[in-house]
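Geometric and topological summary
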Amino acid sequence: MKKTMKNRILSLSIIVVLLTAMLIPMTAFGATKYEIKTLSPGKWATKSFHYDEKSEAYIDTYYKITVSKPGQLAFTLSGDTYITIYNSKSDLLTTSKKYSRKSISPGSVSKLVAVEKGTYYLDVWSGSKCKYSFTAAATPTNYCIAKAKALKANTEARNMFTPKTNFDRWYKITNPKKKKIVIMTNISYYAHDVQIYNANLQIVPKVKNGADTKYCTKTSQKKGTYYIRVRCQSRYEEEVDYAFGDVVTLKWK
């Protein structure tokens, strides 16, 4: 009986301590606030987290990027950690929406991000810094084989895929002699989904040729006209909140 009473007293004591701790103003330890700075192209953004004696708070710095039209953000990173881009300030502060953010590291295969017109927010992780450039996108018109765009050998074509520009891209090429046609992209899953058609609009089988981003026709193809189809990704249809897209480069030889 005595042991039971001691346990009850101990439990009550713990509850009192916890309630007291909850009632103590947290400002004694310094609350965390934030500031948002506008980031211009070519300027370095670094992680900033410092204590402000005037407000008695820790200040965390984030960055804002505004683009006036659709296009690509190309990031340059220094350091060994990530940067994370958010579609809105609320998502930056709550990190609640999985598909409204995109993280890039120095080791990322592509540091190009397709965006629509709007404002984006950047969180630079400790141990890293970054800068960006912006290139406006032209309106793509090669959305079907009848409007295929001519593409010369060893010439790079760039394609921007976002939820608003989620359609295939078509290119028309001329194979100069009997040989394998090699396709190269900057992102492996787009290379895997690239399709090659002959002049009769029949799919030409292809195989992986070295790197994940390089494929070629399974057999040598005769001299003549062919079509390359860069297929869009279904995730833009499945995830309506997906805010960022891919910039896909294409080259052939």
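Reading the values: the criteria
- Residues numbered from 1 in each chain as written.
- Predicted model: local features only at pLDDT ≥ 70, side-chain atom pairs only at ≥ 80, totals over all residues.
- Heavy atoms only, no water.
- Helix = DSSP H or I, 4+ residues; strand = E, 2+ residues; numbered from the N terminus.
- Buried < 20%, exposed > 50% of the residue type's maximum accessible area, 1.4 Å probe, protein only.
- Contact = heavy atoms within 4.5 Å.
- Areas by Shrake-Rupley, 256 points an atom, 1.4 Å probe, with all protein chains shown as cover.
- Polar contact = N/O pair within 3.5 Å; in protein donor to acceptor, adjacent residues only side chain to side chain.
- Pairing = 2+ DSSP bridges.
- pLDDT = per-residue confidence, 0-100.
- Core = buried A, V, L, I, M, F, W, Y, C linked by side-chain atoms within 4.5 Å.
- Phe/Tyr/Trp six-rings, centres within 6.5 Å; stacked < 30°, edge-to-face > 60°.

Some details on the overall build of the chain
A count of helices and strands for the chain gives four helices and 20 strands. Looking at the 253 residues of the chain, the share that counts as buried comes to 38%. Excluding contacts between residues fewer than 6 apart, the proportion of contacts in the chain whose partners are at least 24 apart in sequence is 76%. In the structure as shown, the chain presents an accessible area of about 15,000 Å², 54% of it carried by carbon and sulfur atoms.

Thoughts on the side chain of T61
Note that T61 resides in strand β4 (residues 57-67). Within the local environment of T61, its side chain forms a polar contact with the side chain of E35, the two groups lying 2.7 Å apart. Those residues in contact with T61 that lie beyond four places of it in its chain are E35, K37 and S48.

Some thoughts on the sheet that holds strand β11 (residues 149-150)
A sheet is described by the order of its strands in space; here five strands give the open sequence β11-β13-β19-β15-β16, paired in mixed fashion. Of all the strands in the sheet, the pair left with one neighbour each is β11 and β16 (203-204). In the sheet, β11 pairs with strand β13 (residues 169-175) via two bridges, with the strands oriented parallel. Opposite A150, over in β13, you have K172 as the bridge partner.

With respect to the pairing of β4
Burial analysis of β4 places eight of its 11 residues in the buried class, which makes it a mostly covered element. Across five bridges, the pairing between β4 and strand β9 (residues 118-124) is antiparallel. Residue pairing in the sheet places Y63 in a bridge with L122 of β9.

What to know about the environment of L201
When you line up the elements, L201 lands in the loop between β15 (195-198) and β16. L201 gets classed as partly exposed once you look at its relative accessible area, which sits at 49%. Once the C-alpha coordinates of L201 and Y226 are considered, the two residues, 25 residues apart in sequence, prove to be 8.3 Å apart. If sequence neighbours within four positions are ignored, L201 has contacts with I145 and Y227.

Side note on the confidence of the model for the chain
When pLDDT is averaged across the chain, the result is 83; 80% of the residues are at 70 or more. Every residue in residues 1-30 scores below 50 in pLDDT, and together they form three contacts with partners more than four places removed in sequence or on other chains. pLDDT under 50 marks residues 236-240. Its contacts with residues more than four places away, or in other chains, come to 11 contacts.

Regarding the nonpolar core
Counting 20 residues, the largest nonpolar core has I65, F75, I83, I85, L122 and C130 as the members making the most contacts within it. Beyond its immediate sequence surroundings of up to four residues, F75 is in contact with I65, I83, I85, I104, K111, V113, L122, C130, K131 and Y132. Grouped together as the second largest cluster of nonpolar side chains are 19 residues, A157, Y190, I196 and L250 included.

Description of the packing of aromatic side chains
Evaluated as defined, the whole model comprises eight aromatic pairs. Ring geometry for F75 and Y132: centres 6.3 Å apart, planes at 45°, overall tilted. Placement of F75 in strand β5 (residues 71-79) and of Y132 in strand β10 (residues 128-136) is noted, with a sequence separation of 57 residues between them. Across this residue pair, the class does not change: F75 and Y132 are buried. Centroid distance Y120 to F244: 5.6 Å. Interplanar angle 45°. Geometry classified as tilted. With a gap of 124 residues between them, Y120 in strand β9 and F244 in the loop between α4 (235-238) and β20 (245-252) connect regions that are remote in the sequence.

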